[in-house]
Every structure is written in C-alpha cells, then in structure tokens.
Amino acid sequence: MGKTYERIDGRLRAFIEAQPLFFTATAPLAGDGTVNLSPKGLTGCFAVLDELTVAYLDFAGSNAETIAHLRENGRITLMWCAFQGPPNIVRVHGLGEPVFRDDPRFPEFLTHFPDIDTSVHGLRAVIVVHAELIRDTCGYAVPFMAYESDRDLHGKRFAREDDASLSAYFTKKEHIAHSIDGLPGLPLPLPPSTV
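### Structural notes on the packing of aromatic side chains
At step 1: Taken as a whole and judged by the stated rule, the model has six aromatic pairs.
At step 2: On the numbers, 5.4 Å between centres and 75 degrees between planes, the contact of phenylalanine 158 with tyrosine 169 is edge-to-face. Linking phenylalanine 158 in helix α4 (residues 153-158) with tyrosine 169 in helix α5 (residues 163-172), this pair joins segments that are eleven residues apart in sequence. The exposure classification of phenylalanine 158 matches that of tyrosine 169, with both residues buried.
At step 3: Here the aromatic residues Phe22, Phe46, Tyr56 and Trp80 are joined through ring pairs into a cluster of three or more.
At step 4: Above the face of the phenylalanine 158 ring, arginine 157 is positioned so that its terminal group lies 4.6 Å from the ring centre.
At step 5: For arginine 157, the ring lying beneath its charged end belongs to tyrosine 169, and the centroid distance is 4.8 Å.

Now the structure itself:
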C-alpha cells in the first residue's frame, strides 16, 4: 500500500504542511544507546525549503537528544499522521543538522518561518533535514482526533527569558549540554541571538 516519492511536492507537500503535529526520531550509533522520539507542534514552526529539504525550529525544552544525535550521526526520521480526513502516514528519512544561532546561515533559515514569533520560545536552533527516502503508508489504524489549538504555555514560559537567563536555564538542565548517553548536545553558553 505504501508508495515512495522522489520529492516533496504537490499533494504530499500540502499534506505535510497542513498537519499541526509531527514526530521526529533519532538514535545514537551505539547499539545500546537511547532512541529518541519527540512530538513537534506550534503553528509555523515547520517549513518545506525545497523538494528535498525541510526544516523546523528547535525550541527550549527539557533535553537536547535530537541535537546530540544529529551532531553525532545526522540520522533522522520525521513522521506525519492524518488524524482528520483520509488516512495517511508520511515519513521522511534523511540526514539532519542543527543550525545554531551563531551559524552565518541562521538568519536566512529563519526567513522560512514568518508565521511564528521566534523571540518567545527560547529558540535554540533550526533543524534542517535533507530527505533521502520519502514514503507514505495507509494509516488505516490511526484514530480520528480533532485539533483545537496550540497550547500557549511554551511561549508564556520562555518569553520572559533573555539570552543570559536562557543560557543559565540550559546549564542547570541535566540533558541539554550532553545527551542521556553522554553525547555532546547543545553548545553552551548559548550564542547570542542575531535576530
């Protein structure tokens, strides 16, 4: 039932961009390392950059597993499910990289996210993913669920932070500078925001 695509365009792109929620999966190279699976939301935090490249904003959180895994090996899978409308699951398997705030490319990447106020969420990086395999499957077992709205808690929590206090917050957290398995995570102190 599944189909492989050469690029992210047309109906596939429209489906991905319409979903209010997606998931990311990464893992370290070590066979006994901790696999990470994360939900991602907030309207405007995801963008299709071209037919083989997508990106999303990485905001302040409790850990930095995705960043650590991408720094080590780059492997990532993104997944979208249709919780409304016709059943569908789309996966983009690829190589990703965190583009940090002090990277010269950072300001240009931010132009792809005009519908979100990046100043209120503790923006750490832009995660850029180059697709190597694009597939969809039926999604017949995915339940119907209704999207009501984004939660405003994340923005309210991190809007009160400046670069210094955000860096201090990250330094106090156990799995920000290093992953659960001890891999390098978010570089600290946090580089000043250039935007």
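Having seen the model, we can carry on.
### Remarks on helix α1 (residues 10-18)
At step 1: Of the residues making up α1, those classed as buried are Leu12, Phe15 and Ile16. Summarising the axial view, the buried residues of α1 lie within an arc of 95 degrees, below the 170-degree limit, and thus occupy one face. In α1, the exposed positions angled more than 90 degrees off the buried face are occupied by Gly10, Arg11 and Ala18.

### Let's talk about the pattern of salt bridges
At step 1: Under the counting rule described, the total for this entry stands at ten salt bridges.
At step 2: When the shortest N-O distance is used, the salt bridge between arginine 124 and aspartate 58 registers 2.7 Å. On the criterion of sequence distance, the pair formed by arginine 124 in strand β8 (residues 123-137) and aspartate 58 in strand β5 (residues 53-59) is long-range, its members being 66 residues apart. The two residues arginine 124 and aspartate 58 agree in class, both being buried.
At step 3: Aspartate 152 serves as the salt-bridge partner of lysine 156, at 3.1 Å between the closest nitrogen and oxygen.
At step 4: Classification of lysine 156 by relative accessible area gives exposed; the value is 55%.

Definitions and cut-offs
Residues numbered from 1 in each chain as written. Predicted model: local features only at pLDDT ≥ 70, side-chain atom pairs only at ≥ 80, totals over all residues. Heavy atoms only, no water. Phe/Tyr/Trp six-rings, centres within 6.5 Å; stacked < 30°, edge-to-face > 60°. Helix = DSSP H or I, 4+ residues; strand = E, 2+ residues; numbered from the N terminus. Buried < 20%, exposed > 50% of the residue type's maximum accessible area, 1.4 Å probe, protein only. Lys NZ or Arg CZ within 6 Å of the ring centre and 35° of its normal. Arc of directions from axis to C-beta. Salt bridge = Lys/Arg side-chain N within 4 Å of Asp/Glu carboxyl O.

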